[in-house]
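Take a look at the letters that make up each chain.
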Amino acid sequence: MLTHAARRFTNLVFGGTCLLCRGSADSTRGEGLLCAACERDLPRLDKDGLCPRCALPSAGGALCGTCLTAPPRFDATIAALAYRFPADVLIRALKFHGTLAIAALLGRLLAQCIAGATQVDAVLPVPLSAGRLRERGYNQSMEIARGVARTAALKLEPWLCERNRNTPAQVDLPHAQRARNVLGAFRCTRPLEGITVAVVDDVMTTGATLDEIAGALKEAGAARVVNWVAARTFPPQFQ
Ligand SMILES: [Zn+2]
Ligand SMILES: [Zn+2]
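All of these numbers come straight from a predicted model, not from anything done at the bench.

Chemist: Is there a simple way to think about the overall build of the protein in this case?
Modeler: For the protein, the count of helices and strands is nine helices and six strands. Out of the 239 residues in the protein, the part that is buried amounts to 53%. In the protein, once contacts between residues fewer than 6 apart in sequence are set aside, the share between residues at least 24 apart is 68%. When the accessible surface of the protein is totalled, it reaches about 11500 Å², and 55% of it is carbon and sulfur.

Chemist: Explain the coordination of the zinc ion (ligand 2) to me, please; I cannot follow it from the model alone.
Modeler: Note on metal geometry: ideal angles are 109.5 degrees for four donors arranged tetrahedrally and 90 or 180 degrees for six donors arranged octahedrally. Within the protein, the zinc ion (ligand 2) binds to Cys-51 (SG), Cys-54 (SG), Cys-64 (SG) and Cys-67 (SG); these donor distances fall in the range 2.3 Å. Coordination at the zinc ion (ligand 2) comes from four donor atoms whose angles at the metal span 106 to 114 degrees, giving a geometry best classed as tetrahedral. Positions of the donor residues of the zinc ion (ligand 2) along the chain correspond to the pattern C-x2-C-x9-C-x2-C. In this pair, the class of Cys-64 matches that of Cys-67, namely buried.

Chemist: When you look at the coordination of the zinc ion (ligand 1) in this model, what are you seeing that I'm missing?
Modeler: Donor atoms from the polypeptide that coordinate the zinc ion (ligand 1) comprise Cys-18 (SG), Cys-21 (SG), Cys-35 (SG) and Cys-38 (SG), at 2.3 Å from the metal. Relative to the metal, the four donor atoms surrounding the zinc ion (ligand 1) lie at angles of 105 to 116 degrees, and the coordination shape comes out tetrahedral. Taken in sequence order, the residues that donate to the zinc ion (ligand 1) follow the motif C-x2-C-x13-C-x2-C. Linking Cys-18 in the loop between helix 1 (4-14) and helix 2 (36-40) with Cys-35 in the loop between helix 1 and helix 2, this pair joins segments that are 17 residues apart in sequence. The exposure class of Cys-18 is buried, given its relative accessible area of 0%.

Chemist: It is not clear to me how the pairing of strand 5 (residues 196-204) should be interpreted in this structure. Could you clarify?
Modeler: Residues in a regular strand point their side chains to alternate faces of the sheet. For strand 5, the buried fraction is high: nine of the nine residues fall into the buried class. The pairing of strand 2 (residues 122-125) with strand 5 spans four bridges and is parallel. Among the inter-strand pairings, Leu-124 is bridged to a residue of strand 5, identified as Val-199. For strand 5 and strand 6 (residues 224-232), the ladder comprises eight bridges, and the chain directions are parallel. Opposite Thr-196, over in strand 6, you have Arg-224 as the bridge partner. In this view, the connection linking strand 5 to its parallel neighbour strand 6 by way of helix 9 (residues 208-219) has right-handed handedness.

About the cut-offs
- Residues numbered from 1 in each chain as written.
- Chains lettered and ligands numbered in written order.
- Predicted model: local features only at pLDDT ≥ 70, side-chain atom pairs only at ≥ 80, totals over all residues.
- Heavy atoms only, no water.
- Helix = DSSP H or I, 4+ residues; strand = E, 2+ residues; numbered from the N terminus.
- Buried < 20%, exposed > 50% of the residue type's maximum accessible area, 1.4 Å probe, protein only.
- Contact = heavy atoms within 4.5 Å.
- Areas by Shrake-Rupley, 256 points an atom, 1.4 Å probe, with all protein chains shown as cover.
- Donors = N, O, S within 2.8 Å, 3.2 Å for Na, K, Ca; no water.
- Tetrahedral: all angles 85-135°; square planar, octahedral: opposite > 155°, others 65-115°.
- Pairing = 2+ DSSP bridges.
- Right-handed = clockwise from strand over helix to strand, strands pointing away.

Written as structure tokens, this is what we have:
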């Protein structure tokens, strides 16, 4: 929930119009970014039809074949939205146009999805390298994680793990090259003996970045790593 001052600021910037349809956004509820109809139509995911480990579609919500034969290093994934229209528009506006109020909306949607799954010791946003952070001025995953941690009363620990080099953006690379691109890119800053960490990201596509972070966290002693992502991209066979 935004403070009164933040809502007034949002109304000043967006004029109380829905970011998606230009209709009237109700400034008394949520973030005042979307009208009720657009918020209702967001492509929410039903976790009953998804693999609990990687959040790709699986019959009856069972562990999928890939996670059975070649399990990733993370233990679970919860995704709030499918990465398709209009979730893609919202995430691009957050990432590339600095529309930070969208992070509060995504954080709230994600917090609704993790209800009942909040037995975690620390919430970690996917870190950006220092160079990328300077260039962009903010970390969109950090902004989403802030909303989740606040709503679910969890401890945000952005410095638990850092990105030790600036890798080319995953989105610019073919899927097959993404695991190699992030190999060894993350380093934990302290021992994590036996704890459960929730890693927050804006979009999960191949899962290569999240897998690499889970590896670094487990190497530092974490017992369990769960991913909380605002949106999940589905490969063509699932679309
Ligand atoms: Zn609308
Ligand atoms: Zn799976």
